[in-house]
Every structure is written in C-alpha cells, then in structure tokens.
Amino acid sequence: RLAASVEPGTVPDTVMIAVDVVDTGCGIAEHEMAHIFDVFEQADAGRRSGKGSGLGLALSRRFARALGGDITVVSRLGEGSHFRVTFCAQLASGGGDEKDDGHQVLRLTPGQPERQVLVVDDDAENREMLAAMLAAVGFVVTSAEGGPQALRLLQHIAAIDLVLIGRRMPEMDGLETIGEMRRWVGGRRPAILMVTAADSAEDRAEALAAGADGFLSKPLRRGELLEEIGRLLKLRYEYGLLLATREISFELSGADRADLAALPAAQRALLAAALRRGDVRSLRGLFTEISAKHPTLAAQMGLLLNAYAYDRLHELLDAVAEA
C-alpha cells in the first residue's frame, strides 16, 4: 500500500511530505534492523533472492536526508514492513496552473470548428503524453516520430491547424523540419509551436526565425501549453475545477453514459483490462482513439484518470456492462 501526506514544515513556507510504503511480505528480523541502511547490507530475504546489491536503502536515505527528511522503518518478521520517506518542500509562492481562481481548461467550447494537431517528437512517451492531453480537451491529434514523417503527413492531411514540434530529433532536427514545412505546404500555413528543453533567448530567436509561431520550454505546464495553443488558433475554452476537493463528484452526463455504452464491447474490454493492470499509457491511447467519435466522453474519462479516480472508472465500466 502506498500513501502520501503533508505535514507542517519546521521553517516558514515549507511543508514536510511523507510517503508511506506498507507491505505484507516476509518482514525483517529485529537483529537485522540496525544494519539494513548500511552500504552493501541486505536482510536475509534479500540475500536469498539473489537480487540487489545492498545500496538502494543506503542511497535513498542519503537523498532523503539531503532534502531535510529521512527514511524510517517498522517491521515484524513474517508480518511485513512499513517504510516512511519524508522530505522538505517549499510552498509555491505564485498562482497555480492556468487561471488565478484555480480553474483549469476542461475542454474546447462547443460550436468551434474541429481543430487538428500534429505532434512531432522522436520520443514515443512524449508523443503519447501530448496526444492524450490534447485529445482529452477535444483536439484531433496525429503523431509523427520525426521530420520526414511529419512532412509526408502535412502533404496528405490538409486540415492540420497546428504542428507541435521538438527541437532535437535524429535525421532532421526541429529547425530544419520547420523550414521545410514552410517551403512545402504552399498556401497553407499551419501554426507551428516549438517545444524544447532549450530555454535561452537565442534558442527562441532561432525557432521564430526558422518559421515557428511560438516557443515553449520544457518542463511543460499543461495550462501554459493550452493557453499558447489557444492564442495561436484563436480558440475558446471552458474552464472548471479539475480536482478542487476530496469530495468532488465525478459523474458522466447522460449523453456521455450513452456514448460509453455505445463503444464496441472489445474496446470496453480493453479499457477494463488496462484499468486492472494500472496501465496508464494504454488508457491514454484508448482515450485518444475514443476521442475521434466521442471527444466529450474521452475528455471526461481523461479527467478521471488525471485525478486518479480509478475506482470511479471501474464503476462506470461495470455499470455499462451490467446494463
């Protein structure tokens, strides 16, 4: 079992984050407790397993202490162990993501033309993360793993409104790809937003000179990305509280429930299987597929996933299966 909590810090404007890991495993003998945090030391069970080197706990405790916290353990042989990791964190001084009142982008305002986004990144996880985030808001998303594939897609998909592209990619980097896009697409001019780990004024100037319309530095903030896309495409968003309190109610509308029931049984089975495995990547991919026909449903299910409301997703799928 994994749990986390926030406790008051010892100095102003700080908190202590506590993470508890509780297992029902073999436990640790009392005579071994004094040595498990020593370098290259392992409990008997660890030595018998033949795994590990006895460095993990020692290094983890040093990291925790460097961050103003510690790692402690309570254990009983044959019953299990309870590890607690603590570390000090600074309270944020500025406003949160997106609007000052805590409201975040929920979805595109209905009635606007469909917007297609091409995500270009050589890292598959980055592509999947961005595609899932944008699809949940209501965008139609296509992905490319590099510049050449992106150029081919632009030639065949005339309706792409925005290209979201990285800087450093093999074969053809982002700057070169942007230049080719501007030469290849003729009269069509999709907006281009470069997203990169580089953050200097020179990097920004190079991107804009190559033909980009916007530039964002990683790590990306969801609100910042959506607001920049909204600026480039002149979009309107609906705002709300994604996760305001523990008591927030996550309910699907009648139309969304009908759309969920209308999904093919095989697709619902894949959703249920991914939920049982806790496979977030597969779930985001499935939501992207669902968004092609049911964008609002995909967006709402994406919000549940982002809020870690897995139980609620299970309940919704079970209710549809039983209907």
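Counting starts from 1 at the beginning of each chain's written sequence and moves along it residue by residue. Restriction of local features to residues with pLDDT of at least 70 applies here, the model being predicted, together with a cutoff of 80 or more for giving and counting side-chain atom pairs; totals for whole chains, interfaces and linings are based on all residues. Note: side-chain values were computed over all heavy atoms of the structure, leaving out hydrogens and water.

1. Describing the sheet that holds strand β3 (residues 70-76)
So, point 1. Pairing within the open sheet is antiparallel, and its four strands lie in the order β1-β2-β4-β3. Of all strands in the sheet, those with a lone pairing partner are β1 (2-8) and β3, marking the two edges. In this sheet, neighbouring strand axes are inclined to one another by 20 degrees on average, regardless of whether the strands run parallel or antiparallel.
So, point 2. Across seven bridges, the pairing between β1 and strand β2 (residues 14-22) is antiparallel. In the strand pairing of β2, A4 is matched with V19.
So, point 3. Residues are treated as being in contact if the distance between any of their heavy atoms lies within 4.5 Å. Every axis corresponds to a line fitted to the C-alpha atoms, with the helix fit spanning only the stretch in contact, and the corresponding angles, defined between N-to-C directions, vary from 0 to 180 degrees. Numbering of helices and strands starts at the N terminus; helices are DSSP runs of H or I of at least 4 residues and strands are runs of E of at least 2. Strand contacts of helix α2 (residues 56-66): β3 and β4 (80-90), with the helix running at about 135 degrees to β3, the strand carrying the most contacts. If DSSP finds at least two bridges between two strands, the strands pair.

2. Observations concerning the pairing of strand β10 (residues 214-217)
So, point 1. Alignment of strand β9 (residues 191-196) against β10, held across four bridges, turns out to be parallel. Within the sheet, the bridge partner assigned to T196 lies in β10 and is S217.
So, point 2. A crossover gets the label right-handed when its path from the first strand over the helix to the second runs clockwise, viewed with the strands pointing away from the viewer. Remark: the β9/helix α6 (residues 201-210)/β10 crossover connection has right-handed handedness.

3. A look at the packing of helix α8 (residues 254-262) against helix α11 (residues 295-306)
So, point 1. Interaxial distance between α8 and α11 falls to 9 Å at its minimum, and their mutual angle equals 95 degrees. Between α8 and α11, the interaxial angle falls into the category roughly perpendicular. Across from D256, D259 and L260 in α8, the residues of α11 making contact are T296, L297, Q300 and M301.
So, point 2. Among the residues forming the contact of α8 with α11, the class breakdown is three nonpolar, two polar and two charged. In what follows, roughly perpendicular refers to angles from 65 to 115 degrees, roughly parallel to angles under 35, roughly antiparallel to angles over 145, and oblique to any angle outside these ranges. As a working rule, the residues Ala, Val, Leu, Ile, Met, Phe, Trp, Tyr, Cys and Pro are called nonpolar, Asp, Glu, Lys and Arg charged, and the rest polar, with Gly in that last group.

4. Structural notes on unusual backbone geometry
So, point 1. Not every positive phi belongs to a glycine, and E171 is a case in point at roughly 75 degrees.
So, point 2. Given the relative accessible area of 75%, E171 is considered exposed.
So, point 3. Positioned with a positive phi, K234 is a non-glycine residue whose angle comes to about 55 degrees.
So, point 4. For each residue, the accessible area found with a 1.4 Å probe, counting protein chains only, is set against the maximum for its type, and the residue is called buried under 20%, exposed over 50%, and partly exposed in between. Accessibility expressed as a relative area gives 69% for K234, which makes it exposed.

5. Digging into the packing of aromatic side chains
So, point 1. Put simply, two rings from Phe, Tyr or Trp (the six-membered ring, in Trp's case) pair if the centres are within 6.5 Å, and we call them stacked under 30 degrees between planes, edge-to-face over 60, tilted for the rest. Per the stated rule, a full pass over the model turns up one aromatic pair.
So, point 2. Ring centres of Y237 and Y239 lie 6.4 Å apart, and the angle between their planes is 85 degrees; this geometry places the pair in the edge-to-face category.
So, point 3. Looking at Y237, the relative accessible area reads 10%, which means it is buried.
So, point 4. When its relative accessible area of 26% is taken as the criterion, Y239 is described as partly exposed.
So, point 5. Either the NZ atom of lysine or the CZ atom of arginine qualifies as a charge over a ring when it sits within 6 Å of the ring centre and within 35 degrees of the ring normal. The lysine or arginine in question, R61, covers the ring of F37, its NZ or CZ lying 3.6 Å from the ring centre.

6. Remarks on helix α3 (residues 124-137)
So, point 1. How far a helix is expected to stretch is found by multiplying one less than its residue total by 1.5 Å. Spanning 14 residues, α3 covers 20 Å between terminal C-alpha atoms, matching the ideal 20 Å at 1.5 Å per step.
So, point 2. Burial in α3 covers these residues: R127, L130, A131, A132, M133, L134, A135, A136 and V137.
So, point 3. One side-chain oxygen of the residue at the start of α3 lies 3.0 Å from the amide nitrogen of N126, identifying that residue as D123.
So, point 4. A positive backbone phi angle near 125 degrees is found at G138, which sits one or two residues after α3. N or O atoms within 3.5 Å of each other form a polar contact, as long as, within protein, one can give a hydrogen and the other can take it, and as long as residues adjacent in sequence are counted only when both atoms are side-chain atoms.

7. Let's talk about the nonpolar core
So, point 1. Among the buried residues, those of types Ala, Val, Leu, Ile, Met, Phe, Trp, Tyr and Cys that are joined through side-chain atoms within 4.5 Å form a nonpolar core. Counting residues in each nonpolar core, the largest one holds 25 residues, and the members touching the most others are L134, F139, L164, L193, I229 and Y237.
So, point 2. Secondary-structure elements contributing two or more residues to this core are β5 (104-108), β6 (116-120), α3, β8 (160-165), β9 and α7 (222-233).
So, point 3. Top element by residues in this core is α3. It accounts for six residues.
So, point 4. Among residues more than four places away in sequence, those in contact with L193 are L162, V163, L164, I165, G214, F215, L216, L225, E228, I229 and L232.

8. Some thoughts on the pairing of β9
The two faces of the sheet receive side chains in turn, since in a regular strand these alternate between them.
So, point 1. Among the six residues that make up β9, six are buried, leaving the element largely enclosed by the rest of the structure.
So, point 2. Residue alternation in β9 divides its side chains into two sets, A191, L193 and V195 and I192, M194 and T196, and both sets are buried.

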